[in-house]
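Breakdown of the fold
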Amino acid sequence: MDSPKKPRRRSQEWFGRDGKQGFYYRSWLKELGTPHDMFDGRPVIGICNTWSELTPCNSSLRELAEHVKRGVYEAGGFPLEFPVMSLGETQMRPTAMLFRNLASMDVEESIRANPIDGVVLLMGCDKTTPSLLMGAASVDLPTLGLSAGPSLSGNWRGQPVGSGTGVIQMSEMVRAGGLKQEEFVEAEACMQRSKGSCMTMGTASTMASMVEALGLSLPENAAIPAVDSRRFRLAQLSGRRIVQMVHEDLRMSRILTRAAFENAIMANAAIGGSTNAVIHLQALAGRIGVQLSLDDWDRIGSRLPCLVDLKPSGRYLMEDFYYAGGLPAVLREIAPHLHLDAMTAGGRTLGEDIANAPCWNREVIRTAEEPFKPEAGIAVLRGNLAPDGAVIKPSAASPNLLRHRGRAVVFEDIEDMKARIDDEALDIDETCVMVLKNCGPRGYPGMAEVGNMPLPPKLLRRGITDVVRISDARMSGTAYGTVVLHVSPEAAAGGPLALVRDGDFIELDVPGRRLHLDVDEAELARRRAEWREPPRPTRGWAKLYVDHVQQAHLGADLDILVGGSGDTVGRDSH
Ligand code: FES
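These numbers were taken from a predicted model, which means no experiment stands behind them.

The next subject is the overall build of the protein chain. What the protein chain contains, in helices and strands, is 20 helices and 14 strands. Considering only contacts in the protein chain between residues 6 or more positions apart, those separated by 24 or more positions represent 76%. Accessible area for the protein chain stands at about 21800 Å²; split by element, carbon and sulfur atoms hold 51% of it. Of the side chains in the protein chain, 65 bear a positive and 73 a negative charge, and the two mean positions are spaced by 3 Å.

Put into structure tokens, the structure is as follows:
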């Protein structure tokens, strides 16, 4: 038991009890073969695992958990692994994002309800990272993030193939008649060659980088390949470290400061990270009580250069990124901009973590003086089409389309788009602006990654590879193009996007940060009077979600989940 001078462990509210209650709490855990001295007040470490065969990107996490446990035992802790809802990006319908907030509730309540003093979050596939971070933040125990890591580089017929990015490119080739269906199928196994998350700088790699840039993991978490032995070493070190974090009472809120979020925004620019990071970090900030606005992304990150030449914008893959030095090498390059005194989970400052970070390949990680792309962070657009903002990733867009005025070709929802996009009679050319409605948080529901609409075959056959696209949807981090996303308020909430009609003219001005619908106010008022809200779901999670989800610029969290309840120990039921 703790000496009187030490703070009483949270887990001792369970295991330190006398009488019937203590018997209950200890006895059933002894069926795992647990010796009695494991209940003596040592830190109890929850290992929150999203392993699932339905989340193949996280299929290495069972093995990784065993290495975390080794570290916990070595440092004198007591590890207890537990599962939470796992969100497999490629399998879940209608979209894994519909369940991000639900999974975060699972994480939050699982941590709070159990005898846990500190927690290691095992995550990987896109939504598993924000859901675990958000849930853990609402409890605010000492918390350490550990990502699955990217899979090995895809390779098809001697050429690198990036997760997601390769699918998009090859499916366009099939639709344009340049690739046979059997060749397309052959490429499937060549792309995903090993366990691990997508190996492009998509959402999974972006979010793993955010975990590291926020200071929530040990250095190098973002890029070590999932099957590299150094990933398992990192797991063991993470297990050791979380025990120390409990001793130091180094809670999530001491790491997730405003400075940490600003560092993450800058890191996202420097890696050319996914627009999804905006949604997830906005939601995370809301959980931990940090004021972060959409405009902060533009103000803090948009003028920073992208330093890494990674797909979807560039040539290389995450394996190359790790061998080149990974995120520490990037952060060192942008160090003059960062808050170097920010505390990280390792117990040092960010500045100490990256002070001697080497770069081994300047083709993959460029210098700040000769970047891969200048001014590459997220740009936030406003105007009468997006009063609460919209985002675009200029580094993934076509430079000639960043200022553009075009005729709107409008799809009322995703079904409408799928039904008509391949129609040769669709009245569209490369100067048009494709508009997709009702794919936001409420409209889809769940805000699917459909904002990068496929191009009509008749344009693809003419060699057109990009057209301005605007929607209230999200876009896969592995996608690219001149795609305006997260238009807020969304169409299903009665935002101006709902009022756009075929033939309207839209002005996009990324340098001027403007998104304008060229229709006079009187006409918009007439259309607004005719607008009717789409029917809402009537039961279950979908109803709860639609009734409570906030708009994209706030992170699409449920309004009832913003903030946290802390680590309060519930009543004893025995
Ligand atoms: Fe799971 Fe990309 S689909 S990480």
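Among the secondary structure elements, E262 is positioned in helix α11 (residues 258–271). Of the polar contacts made by the side chain of E262, one reaches the side chain of H339; its length is 2.7 Å.

We now examine the environment of A226. In this structure, A226 sits in the loop between α8 (203–214) and α9 (229–248). The class of A226 is buried, set by a relative accessible area of 1%. Separated by 316 residues in the primary sequence, A226 and A542 have C-alpha atoms spaced 34 Å apart.

On to the UniProt feature "domain: Dihydroxy-acid/6-phosphogluconate dehydratase C-terminal" (unreviewed entry) in the protein chain. Taken from the UniProt record, the annotation "domain: Dihydroxy-acid/6-phosphogluconate dehydratase C-terminal" (unreviewed entry) applies to residues 363–556. Annotated as residues 363–556, this span is 15% helix and 21% strand, and its ends, taken at the C-alpha atoms, are 37 Å apart.

Attention now goes to helix α2 (residues 19–30). Because the α-helix completes a turn every 3.6 residues, residues three or four places apart line up on one side. An ideal rise of 1.5 Å per residue puts 16 Å on 12 residues; α2 measures up with 16 Å between its terminal C-alpha atoms. Summarising the contacts, the buried residues of α2 are in contact with α1 (12–15) and β2 (78–83).

Okay, the sheet that holds strand β1 (residues 44–49) next. The sheet built from 4 strands is open, its strands ordered β2-β1-β3-β4 with parallel pairing. Strand pairing shows two members of the sheet lacking a second neighbour, β2 and β4 (143–147), which therefore form its edges. Taken pair by pair, the neighbouring strands of this sheet meet at an average axis angle of 20°, ignoring direction. When strand β3 (residues 118–123) meets β4, the two strands line up parallel, connected through 5 bridges. Following the sheet pairing, M123 is matched in β4 by S147.

Another aspect to go through is the pairing of strand β7 (residues 379–383). Pairing analysis gives 4 bridges linking β7 to strand β8 (residues 386–392), with the strands arranged antiparallel. Each residue of the ladder has a partner; that of A379, found in β8, is I392. Between β7 and β8, which pair antiparallel and follow one another directly, the connecting turn spans 2 residues.

A separate point is the pattern of salt bridges. Under the criterion given, the structure shown has 49 salt bridges. Among the ionic pairs, R366 bridges to D309, the shortest N-O distance being 3.2 Å. Taken as a pair, R366 in the loop between α16 (350–354) and β7 and D309 in the loop between α13 (294–301) and α14 (318–324) lie far apart in primary sequence, 57 residues in all. Here R501 makes a salt bridge to E530, at a shortest N to O gap of 3.0 Å. Pair noted here: R501 is in the loop between β12 (483–484) and β13 (505–509) and E530 is in helix α19 (residues 521–530), with a separation of 29 residues, a long-range link. Using a relative accessible area of 36% as the deciding quantity, one classes R501 as partly exposed.

All right, on to the nonpolar core then. Counting 103 residues, the largest nonpolar core has F261, W297, F321 and V330 as the members making the most contacts within it. Those residues in contact with F321 that lie beyond four places of it in its chain are M201, A223, I271, V308, L310, G326, L327, V330, V364 and I365. Among the nonpolar cores identified, the runner-up in size contains 29 residues, and A390, L401, A408 and L499 belong to it.

Burial analysis of α13 places 6 of its 8 residues in the buried class, which makes it a mostly covered element. Looking only at α13, the buried set comprises L294, D296, W297, D298, I300 and G301. Those residues of α13 that are buried lie in contact with α11, α12 (276–288), β7 and β8.

It is the contact of helix α4 (residues 100–113) with α12, at a shortest axis distance of 13 Å, that shows an interaxial angle of 35°. Considering only the axes of α4 and α12, their crossing is right-handed. Where α4 abuts α12, its residues R100, S104 and E108 lie against I279, H280, A283 and R287.

Okay, the pairing of strand β10 (residues 433–436) next. Here β10 shows a buried face lined by V433 and V435 and a second buried face lined by M434 and L436. Pairing of strand β9 (residues 403–411) with β10 involves 4 bridges; the strand directions are parallel. Bridge pairing in β10 places V410 opposite V435. Alignment of β10 against strand β11 (residues 468–471), held across 4 bridges, turns out to be parallel. Within β11, the residue paired with V433 across the bridge is V468.

In the structure shown here, the tally under the stated rule is 6 aromatic pairs. Taking 6.5 Å as the distance between ring centres and 70° as the angle between the ring planes, the aromatic pair formed by W14 and Y25 counts as edge-to-face. Linking W14 in helix α1 with Y25 in helix α2, this pair joins segments that are 11 residues apart in sequence. Here W14 falls in the buried class, since its relative accessible area comes to 9%. For the pair Y322 and Y323, a centre-to-centre distance of 6.1 Å together with 50° between the ring planes defines the contact as tilted. Given the relative accessible area of 10%, Y322 is considered buried. An aromatic cluster of at least three residues, connected via ring pairs, comprises F15, F39 and F78. Here the guanidinium or amino end of R62 rests over the ring plane of W51, the centre of that ring lying 3.8 Å away.

It is worth spelling out the packing of helix α5 (residues 128–137) against α12 at this point. Taken N-terminus to C-terminus, the directions of α5 and α12 make an angle of 10°; their axes are 8 Å apart at the nearest point. When the axis of α5 is compared with that of α12, the two are roughly parallel. Contacts between α5 and α12 involve P130, L133, M134, G135 and A137 from the former and H280, A283, L284, R287 and I288 from the latter.

Before going further, it helps to spend a moment on unusual backbone geometry. For residues other than glycine, phi is negative in most cases, and the peptide bonds are mostly trans. The omega torsion across K311 and P312 is 15°, close enough to zero to call that bond cis. For P312, the location among the structural elements is in the loop between α13 and α14. Cis peptide bonds are those with omega within 30 degrees of zero, and the linkage from S488 to P489 qualifies with 0°. One non-glycine residue, E375, adopts positive backbone phi at about 45°.

What counts, and at which threshold
- Residues numbered from 1 in each chain as written.
- Predicted model: local features only at pLDDT ≥ 70, side-chain atom pairs only at ≥ 80, totals over all residues.
- Heavy atoms only, no water.
- Helix = DSSP H or I, 4+ residues; strand = E, 2+ residues; numbered from the N terminus.
- Contact = heavy atoms within 4.5 Å.
- Areas by Shrake-Rupley, 256 points an atom, 1.4 Å probe, with all protein chains shown as cover.
- Lys, Arg positive; Asp, Glu negative; His and termini not counted.
- Charge placed at Lys NZ, Arg CZ, Asp CG, Glu CD.
- Polar contact = N/O pair within 3.5 Å; in protein donor to acceptor, adjacent residues only side chain to side chain.
- Buried < 20%, exposed > 50% of the residue type's maximum accessible area, 1.4 Å probe, protein only.
- UniProt positions renumbered as here; feature names shortened; annotations may be inferred.
- Expected span 1.5 Å × (residues − 1).
- Pairing = 2+ DSSP bridges.
- Axes fitted to C-alpha atoms, helices over the stretch in contact; angles between N-to-C directions.
- Salt bridge = Lys/Arg side-chain N within 4 Å of Asp/Glu carboxyl O.
- Core = buried A, V, L, I, M, F, W, Y, C linked by side-chain atoms within 4.5 Å.
- Left-handed = near helix turned anticlockwise from the far one by under 90°.
- Phe/Tyr/Trp six-rings, centres within 6.5 Å; stacked < 30°, edge-to-face > 60°.
- Lys NZ or Arg CZ within 6 Å of the ring centre and 35° of its normal.
- Parallel < 35°, antiparallel > 145°, perpendicular 65-115°, else oblique.

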